[in-house]
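# Summary of structural features
The lines below spell out each chain.
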Amino acid sequence: MKQAIVWLACIGLLISMAGCNVAGLKLQENADYHPYVLDPHINKTAWQYIKDRSYNFAGKDTVFKLMRQAIEYSGIDTNLYIKTDCTFIFLHNDAVFRTTVVNKVPTITADCYWGKYLVNGKPATKWSDYPKEQVKNYLLYLIVQGAYSFNNLTPTNVVATTLQPQNYDPLNPTSIMTLRVNNDQNFTMRLNDFSNSAGYVSVRTSNILALNGAIQVIDRVLFYQTK
């Protein structure tokens, strides 16, 4: 009973304090909350976005530097990055080259391109360690026909066709990629997350809307393979 009286007294005190000062400070007044969603549109093509964030940005932002090097080394037609109605999978530098410390020694991880696709049994150290055709066809795999984003993806996989030539990859002869969003509180976009998949990639930065399509940034190597 005494506890209830104390609680009632506290509530009464709070009510009486409305509109008054506490220790010389005014109580916060009610205010309408106006939510704000960041605009995903970048108002530039996918190709311009790569250039702006590789090494043509005064050295301040080079997250796509290694992807830009792959494009230049492979000789892929850069006009493909201004092609309309596409989804462009961009490689963050970590998706190409990433290290971890093993026994105090920096070691290239197997979840980046240079660590997964070994050269003479060892991780690569530069794109020119690979045949140009291999690099070019991997980049073609990262261009999906159709613009997919949060606007049209659901937890059910979309099976999309990429620009990689069919029958180039024996593990993926039809050169497809699956895209979906995970049905959880984070609503993460996932690539090649299908039943019996040997691995999938969660998109690091998703829903970047370029003038010619959607951009999804990954920081792990992406491939299509079943268990």
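Structure's up top.
Report follows, based on the coordinates. (Residues numbered from 1 in each chain as written. Predicted model: local features only at pLDDT ≥ 70, side-chain atom pairs only at ≥ 80, totals over all residues. Heavy atoms only, no water.)

### Concerning helix 3 (residues 65-74)
Regarding helix 3, the residues found buried are Leu-66, Met-67, Arg-68, Ala-70, Ile-71 and Ser-74. Close packing links the buried residues of helix 3 with helix 2 (46-52), strand 3 (86-91), helix 4 (93-96), helix 5 (113-116) and helix 6 (132-141). Following helix 3 by one or two positions, Gly-75 adopts a phi angle in the positive range, close to 80°. (Buried < 20%, exposed > 50% of the residue type's maximum accessible area, 1.4 Å probe, protein only. Helix = DSSP H or I, 4+ residues; strand = E, 2+ residues; numbered from the N terminus. Contact = heavy atoms within 4.5 Å.)

### Some remarks on the pairing of strand 11 (residues 205-210)
Along any regular strand the residues' side chains alternate between the sheet's two faces. By the bridge criterion, four bridges tie strand 11 to strand 12 (residues 213-218) in an arrangement that is antiparallel. For Leu-209, the partnering residue across the bridge sits in strand 12 and is Ala-214. (Pairing = 2+ DSSP bridges.)

### Things to note about the nonpolar core
Ranked by internal contacts, the top residues of the largest apolar core, which has 54 residues, are Tyr-81, Phe-90, Trp-127, Ile-215 and Leu-222. If near-sequence neighbours (up to four positions away) are discounted, Tyr-81 is found in contact with Thr-45, Ala-46, Trp-47, Ile-50, Met-67, Ile-71, Ile-76, Phe-88, Leu-139, Ile-143 and Asn-212. (Core = buried A, V, L, I, M, F, W, Y, C linked by side-chain atoms within 4.5 Å.)

### Regarding the pattern of salt bridges
By the definition in use, this model includes 11 salt bridges. A salt bridge links Asp-111 to Arg-220; the nearest nitrogen and oxygen atoms lie 3.1 Å apart. Residue Asp-111 is located in the loop between strand 5 (105-108) and helix 5, and its partner Arg-220 is located in the segment after strand 12; the two are separated by 109 residues in the primary sequence. Since its relative accessible area comes to 25%, Arg-220 is described here as partly exposed. Several salt bridges converge on common partners, so that one network encompasses Asp-94, Arg-98, Asp-111, Arg-204, Asp-219 and Arg-220. (Salt bridge = Lys/Arg side-chain N within 4 Å of Asp/Glu carboxyl O.)

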